[in-house]
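Now for the letters of each chain:
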Amino acid sequence: MQNQIGAPKGFSLTDPRVRAWLFQIITIVVVVGLGWYLFHNTQTNLQHRGITSGFDFLERSAGFGIAQHLIDYTESDSYARVFVIGLLNTLLVTFIGVILATLLGFVIGVARLSPNWMINKLATVYVETFRNIPPLLQILFWYFAVFLTMPGPRGSHNLWNMFYVSNRGLNMPAALKADGMWPFLIAVLVAFVAIGVMVKWANKRFEDTGVPFHKFWAGLGLLVVIPALSVLVFGSPVHWEMPELRGFNFVGGWVMIPELLALTLALTVYTAAFIAEIVRSGIKSVSHGQTEAARSLGLRPGPTLRKVIIPQALRVIIPPLTSQYLNLAKNSSLAAGIGYPEMVSLFAGTVLNQTGQAIEVIAITMSVYLAISISISLLMNWYNKRIALIER
Amino acid sequence: MTTSHVFKPNMPPPNMAVGPVAWMRTNLFSSWFNTLLTLLALYLIYLIVPPLLSWAFLDANWVGTTREDCTKAGACWVFIEQRFGQFMYGYYPPQLRWRVDLTVWLAVLGAAPLFIPRIPRKVVYGLSFLVVYPIVAFILLRGGFFGLENVATSQWGGLMLTLVIATVGIAGALPLGILLALGRRSKMPAVKVVCVTFIEFWRGVPLITVLFMSSVMLPLFLPEGMSFDKLLRALIGVIMFQSAYVAEVVRGGLQAIPKGQYEAASAMGLGYWRSMGLVILPQALKLVIPGIVNTLIALFKDTSLVIIIGLFDLLNSVKQAAADPKWLGMATEGYVFAAVVFWIFCFSMSRYSVHLERKLDTGHKR
């Protein structure tokens, strides 16, 4: 082994390995140098402005009111609690938005594939209209042009004497905890355990004998019957509190403030347009041969869809779908434009202005979003590995 | 004895097989379910379209100068007519607005040859255009040279500002994004880690927080006494943010190039930069042009976010004009106008991207 090819001995700038080392050392020096430079500047600037850095400010009392808080809050509470409220509000918008956008997006995506010309074109118009208008513009439109121009509570639009839409938002009945709550929850839990046992038994019987079992209907039955028994025996889990018009506003019930309504509506409509396209391309990606193969095996249309088409379409749909969910979560920060108290407008807006702790506040806000997106992409990678086609 | 057979002329196909009736039977009323859907769709159209038409056109007010001239029930387009200058140019001095127009015309005229196929020396022309035009545009818009009056960037606004942010954003993000994409696929761990961290960081946070950061934190990062104007700070934020997305698009293109191309370039004795510049990137960039147009569309929509840091782009101009006490209640007209403008830009870009995708779809499918 005396004449090894390549890799000349000694130090030479033409040696790719030496160059690689050199490049990396330069990169590290530049990055570290830049970081130190910025850090140094920041330190001097902070000293000159008399700002003390650190996270002590989180303990201080906030002293301002918040339009919507999911947990108890008074003006004397700390900034840390304000942060939690902002985070919860962000999650609330994301949660509602994800559910509604998925439903709407799937309906419109399927409609775009409909053989019915009219439905097909309507869905296309929807998608092309809403995905080409900036989401912030849609939010401002719903807020300033729709909800704020609605009549006041006295002239509100009334739906079945339960839901009232006015410029104060959407008032609806509130579900309050009643005596039957705990038995009901336990009954639901029992139902889920029963479904698990049933599915296991049905799968085993199918493996052994090949006799199928209607798992879906049986499961649905269990889920309805067991909690219904609990309601019959222990009474209703909730009692409803209706909103009532007293004076100039509603009393009782739950209220969705107009900011929340505008934000969820706009984000739902905007994201649904993208989800529709994802669903459409997912379904189209399953070749027609799959349908024909399933039919020639003797599967009927229903099982063909459930067992052949949908599992393959989902493999294409789910990765971009999660990135749309992530976009929705990030777009919820656009609420800063209408003052809905979520993470960015509440924490990076009001708290930053009050305390002046720019670096800490922005760092906290950004790390929350980073944490959300990193955890979702880790979940996604895990899922992708699980469903990836195992090729021969 | 000869008999001649004379064929009768063909009968026209039955009404049920061709023509509008047959079309409707197959496309609208093929089953009871489809019929139901068609009726539902017709009902939806009936609910939406006539009121919209009468609001926007039939009952709309087109002429006048003040709010009082809007007497009919429909939209008051007088508001848009009166504020059109502000929506397009912001607070750019009216007597100097020809400079903005000239900049736009120069862009259109200068870029036109690039879209004509078979023009000689297209690459050389394109590159020199890319170098010369930004300088000319900067001088024209900002002034301060050659006797042109200086217009501070705080006076820029409206659609013009939207276009400035979008074009500068994408022009700055492209080179940075390409470098990042190359770095991400590098075999050197230190370079790779730096690039991956950079890309994932910017992709993980919303643009709003980036803009907040560039407006409140950038001044802290810079040495004492050095300060940028607001627009430049926003542009830096936008370029950083956008470069991460461009990098991911370009990476897709780099991954799509078959390994044989890399090996062939090495076999020719080309070093890293030359094999990238002469062999890999020309092919990869061609593949990702539609993807880059898509990021440009996203960027164009995202420019509206500068409202948060108080720049007066198209959306903010509309928002401000709608809050004017002289024009109270004009929010709907204003936002509809802004939506139409944004829609025209985004829709035509997306059509162009689809067109490019079809045109460039050659060679790589075997």
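Residues numbered from 1 in each chain as written. Chains lettered and ligands numbered in written order. Predicted model: local features only at pLDDT ≥ 70, side-chain atom pairs only at ≥ 80, totals over all residues.

S.K.: I keep staring at the overall build of chain B and nothing clicks. Help me out?
M.R.: Broken down by element type, chain B carries 14 helices and 0 strands. Listed N to C, the secondary structure of chain B is α-α-α-α-α-α-α-α-α-α-α-α-α-α in terms of helices and strands. Dimensions along the principal axes, computed over C-alpha positions, put chain B at roughly 105 × 75 × 40 Å. A total of 366 residues make up chain B; the buried ones form 33% of that total. Contacts in chain B between residues at least 24 apart in sequence constitute 64% of all its contacts with a sequence separation of at least 6. (Helix = DSSP H or I, 4+ residues; strand = E, 2+ residues; numbered from the N terminus. Buried ≥ 20, exposed ≤ 12 C-beta atoms within 10 Å, placed from the backbone. Contact = placed C-beta atoms within 7 Å.)

S.K.: What is the right way to read the domain arrangement of chain B from this model?
M.R.: Accessible area lost on assembly of the parts is the figure often given for the size of an interface. Residue and element names in this part refer to chain B. Parsing chain B into structural domains produces domain 1 (90–151) and domain 2 (152–360). Taking only C-alpha atoms into account, the centre of domain 1 sits 20 Å from that of domain 2. If you look at the interface, domain 1 gives 6 residues, while domain 2 gives 9 residues. The residue makeup of the side of domain 1 that touches domain 2, split by class, is 4 nonpolar, 2 polar and no charged. (Domains from an automatic or database assignment. Nonpolar A, V, L, I, M, F, W, Y, C, P; charged D, E, K, R; others polar.)

S.K.: Got a minute to help me understand the interface of chain A and chain B in this structure?
M.R.: On the side of chain B, 44 residues touch chain A, which itself brings 46 residues to the contact. Counting only elements with at least two residues in the side of chain A that touches chain B, the list comes to helix 1 (16–49), helix 3 (117–130), helix 4 (135–147), helix 10 (343–355) and helix 11 (358–387) of chain A. At 13 residues, the largest contribution of residues to the side of chain A that touches chain B is made by helix 1 of chain A. Residues that form the side of chain A that touches chain B fall into these classes: 31 nonpolar, 13 polar and 2 charged.

S.K.: Please clarify how the pairing of strand 3 (residues 169–172) of chain A should be interpreted in this entry.
M.R.: Residues in a regular strand project their side chains so that they alternate between the two faces of the sheet. Residues and elements named next belong to chain A. One ladder, built from 3 bridges, connects strand 2 (residues 163–166) with strand 3; its direction is antiparallel. Note that in strand 3 the partner of Val165 across the bridge is Leu170. If you look at the hairpin formed by strand 2 and strand 3, you'll find 2 residues sitting between the two strands. As paired elements, strand 3 and strand 8 (residues 254–256) share 3 bridges and run antiparallel to each other. The partner of Met172 across the bridge, within strand 8, is Trp254. (Pairing = 2+ DSSP bridges.)

S.K.: Please clarify how helix 2 (residues 32–58) of chain B should be interpreted in this entry.
M.R.: Every α-helical turn comprises 3.6 residues, leaving residues that sit three or four positions apart pointing alike. Look at helix 2 of chain B: 36 Å from first C-alpha to last across 27 residues, which is about the 39 Å you get at 1.5 Å a residue. A maximum bend of about 25° is found in helix 2 of chain B at B:Tyr46, where proline B:Pro50 lies one to four positions downstream. Three or more residues of helix 2 of chain B are buried, namely B:Asn34, B:Leu37 and B:Ala41. Against helix 3 of chain A lie the buried residues of helix 2 of chain B. (Expected span 1.5 Å × (residues − 1). Bend = angle between axes of the 7 residues up to and from the residue.)

S.K.: Sorry, what's going on with the environment of A:Ala336 here?
M.R.: All names here are of chain A. Turning to its location among the elements, Ala336 is positioned in the loop between helix 9 (301–331) and helix 10. On the neighbour-count criterion, Ala336 (26 C-beta atoms within 10 Å) is buried. Once the C-alpha coordinates of Ala336 and Gly349 are considered, the two residues, 13 residues apart in sequence, prove to be 7.8 Å apart.

S.K.: Help me understand helix 4 of chain A, please; the structure alone is not making it clear to me.
M.R.: With 13 residues, helix 4 of chain A extends 17 Å between its outermost C-alpha atoms, agreeing within 8% with the 18 Å of an ideal straight helix rising 1.5 Å per residue. With 11 of its 13 residues buried, helix 4 of chain A lies for the most part within the structure. Looking at helix 4 of chain A, one finds that the buried residues are A:Pro135, A:Leu136, A:Leu137, A:Gln138, A:Ile139, A:Leu140, A:Phe141, A:Trp142, A:Tyr143, A:Phe144 and A:Phe147. Those residues of helix 4 of chain A that are buried lie in contact with helix 7 (258–285) and helix 9 of chain A together with helix 13 (314–322) and helix 14 (331–360) of chain B.

S.K.: Can you help me understand the packing of helix 6 (residues 158–184) of chain B against helix 10 (residues 230–256) of chain B in this one?
M.R.: When two helices pack together, you describe them by how their axes are tilted relative to each other and by the distance separating the axes. All names here are of chain B. Between helix 6 and helix 10, the shortest axis-to-axis distance is 6 Å and the interhelical angle comes to 50°. Judged by the inter-axis angle, helix 6 sits oblique to helix 10. At the point where helix 6 passes helix 10, the crossing takes the right-handed sense. Grouping the amino acids of the contact of helix 6 with helix 10 by side-chain chemistry returns 17 nonpolar, 5 polar and 2 charged. (Axes fitted to C-alpha atoms, helices over the stretch in contact; angles between N-to-C directions. Parallel < 35°, antiparallel > 145°, perpendicular 65-115°, else oblique. Left-handed = near helix turned anticlockwise from the far one by under 90°.)

S.K.: How do you make sense of the sheet that holds strand 1 (residues 157–159) of chain A when you look at a structure like this?
M.R.: Strand pairs in the sheet, formed through backbone hydrogen bonds, run parallel or antiparallel to each other. All names here are of chain A. Reading across the sheet, the 4 strands line up as 1-2-3-8 and stay open at both edges, with antiparallel pairing between neighbours. The sheet terminates laterally at strand 1 and strand 8, the two strands that pair on one side only. When strand polarity is set aside, the average angle formed by the axes of neighbouring strands in this sheet is 20°. As paired strands, strand 1 and strand 2 are joined by 3 bridges and run antiparallel to one another. Considered in strand 2, the bridge of Leu159 is made with Phe163.

S.K.: Before we go on, may I ask you to explain the nonpolar core in this structure?
M.R.: Where a protein is soluble and globular, its nonpolar side chains tend to be buried together. Counting residues in hydrophobic clusters, the biggest one holds 145 residues, and the most contacted among them are A:Leu137, A:Ile139 and B:Ala338. Top element by residues in this core is helix 7 of chain A. It accounts for 15 residues. Composition of this core by domain shows at least three residues from each of domain 1 (90–151) and domain 2 (152–360) of chain B. Non-local contacts of B:Ala338, meaning those with residues more than four positions away in its chain, are made with A:Leu137, B:Leu314, B:Leu315 and B:Val318. The next biggest cluster of nonpolar side chains, apart from the first, holds 5 residues, and it includes A:Tyr164, A:Val165, A:Phe250 and A:Val255. (Core = buried A, V, L, I, M, F, W, Y, C linked by C-beta atoms within 7 Å.)

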